[in-house]
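These are the residues of each chain, in order.
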Amino acid sequence: TVSVLYWCKVRMSAIRALLVALLFPLHAWAATITLRVTTSTIADSDSPHTFTPTVHSSSASCTATSISNPSNGDVNTVTASCSFAAADISQVRIPNSGPDGWYIAKAELQINGARMRLWAVNLSPPAFETWIDDDPAKPDHATGIWEMLPLRMHFTTQSITNAESVSTFTPSFISTSSATCAGTSIAAPAQGASYWSVAGCWALSTLARVEITAPSSDSWEVQKASIDRGGGTLEQWVATNQAPPSLTPIIDDDDLTEYKKAVLQAPNIKVRIVTAATPASADCIYTFAPKFISKTSVVCDGSVVVAPGLGSSILSLGVCSFPPEDLERVEISQQGNDGWDISELYVEVASVEQQWWAINESPPARSTVVDGDGATRHLKAIFAIFFTPAPATPAPATPAPPTAQPTLSPATPAPSTPAPSTPAP
């Protein structure tokens, strides 16, 4: 019996050791890091040397495959086998190689199929482009150093004449504790062009707003301002300094106070409105200002919709004091005598769009018209979640408990009463 128990104990120990080895290997699998470096298209970027990038985490580093003789405008893809995950990368460095220089337009990490642009922090302020050179007069270019800065806002300039700005605009990133961090400047934004402003002061989760003050006597009309949430996701922000809020900020040093400083904030209410594709009355030249109303009757202004065209999908975003789960209805009032044919309206809740109903129509409908034509139900479109109640299902009948029957006791004979005596005649 003792020998049998000992044999079982040895076998169980071996099995346990095998399971531990399989489930908890001694050496973690190495992560493959992919880096794309695009060479700038300028003459002196024709480098005859070999450059070797290194990838760094906070506690380790690894060496990527080398890039030999980068030429004008080519895209160089290299990989590195590292002991840490791509999410743990803190820097990518490329040291100079001899007396020759390499001009780089951009460096990108490829993570989960998405390209994440890096910023050359060896320059001040950080920039997309840099060069690597063994020039003692340029010590900041001896090594290219790239980082994924946490605060990144993307701007697109409107394609209109007065957007031709000659000044420099410097966004300020402001945290929830009111700390201010200057982003990289945007010099003379041109019509229809796109720009980035980045900063590395704190985490994106503590960013409260972005402010841009107008330089003297100049203006910049922005078509869209979006914060980079990472993973290639851009979230459009709202200019809350304008009344009603706007998705197209104007920064101008004129007599209009609300334009002197753009204040950009993240929306928490997101509504998408689809304009009908065919009706002529959808050729609207007016501005419509949706209002978001909570279940407790709190009113929040959504961003304006300017001249909605035929068949377009338009966002109206709100920076509201209540969450989207508390939104009860969306109201859009007519402006002037013009009409706007709305075919669909969607509200985003927990990243999922829900189609709402126009309850100003009777019966409620998916589509409606906002118009000043005298039809009362069209003076204001009112959208809400409208559910047709399901027919009531009768509850299954529950049998009544049996009625208690009286208990019969055995009959007790009544005492006999003697008959009255009759006197004899």
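Residues numbered from 1 in each chain as written. Predicted model: local features only at pLDDT ≥ 70, side-chain atom pairs only at ≥ 80, totals over all residues. Heavy atoms only, no water.

Take the sheet that holds strand S33 (residues 357–358) next. Taking strand neighbours across the sheet as the criterion, the 5 strands line up as S27-S26-S30-S35-S33 in an open arrangement whose pairing is antiparallel. Bordering the open sheet on either side are strand S27 (299–301) and S33, each of which pairs with just one other strand. As paired elements, S33 and strand S35 (residues 380–384) share 2 bridges and run antiparallel to each other. Note that in S35 the partner of Trp-357 across the bridge is Ala-384. (Pairing = 2+ DSSP bridges. Helix = DSSP H or I, 4+ residues; strand = E, 2+ residues; numbered from the N terminus.)

Taking strand neighbours across the sheet as the criterion, the 5 strands line up as S15-S14-S18-S23-S21 in an open arrangement whose pairing is antiparallel. Lying at the two open borders of the sheet, with one neighbouring strand each, are strand S15 (180–182) and strand S21 (238–239). With 2 bridges connecting them, S21 and strand S23 (residues 261–265) associate as antiparallel partners. Bridge pairing in S23 links Val-238 to Gln-265.

Per-residue confidence for the protein chain averages 84 on the pLDDT scale, and 82% of its residues sit at or above 70. A low-confidence stretch, residues 17–29 stays under pLDDT 50, and its non-local contacts, those more than four residues away or across chains, total 1 contact. Confidence drops under a pLDDT of 50 for residues 405–412, and excluding neighbours within four residues, the segment shows 0 contacts in the predicted structure. (pLDDT = per-residue confidence, 0-100. Contact = heavy atoms within 4.5 Å.)

Once that is clear, we can look at the state of the cysteines. Considering all chains together, one arrives at 3 disulfides under this definition. Here Cys-181 engages in a disulfide with Cys-201; their sulfurs sit 1.5 Å apart. Disulfide Cys-181-Cys-201: torsion about the S-S bond near 45°, hence right-handed. Of the two residues, Cys-181 is situated in strand S15 and Cys-201 in the loop between strand S17 (194–199) and strand S18 (207–213); the sequence distance between them amounts to 20 residues. In this model, Cys-300 is linked to Cys-320 through a disulfide, with the two sulfur atoms separated by 2.1 Å. (Disulfide = S-S within 2.5 Å.)

Under the criterion given, the structure shown has 14 salt bridges. Note that Asp-253 is salt-bridged to Lys-260, the shortest N-O span being 3.4 Å. According to the relative accessible area criterion, Asp-253 is partly exposed, its value standing at 33%. Here Lys-260 falls in the partly exposed class, since its relative accessible area comes to 31%. One salt bridge in this structure joins Arg-329 and Glu-328, with 3.1 Å as the shortest N-O distance. (Salt bridge = Lys/Arg side-chain N within 4 Å of Asp/Glu carboxyl O. Buried < 20%, exposed > 50% of the residue type's maximum accessible area, 1.4 Å probe, protein only.)

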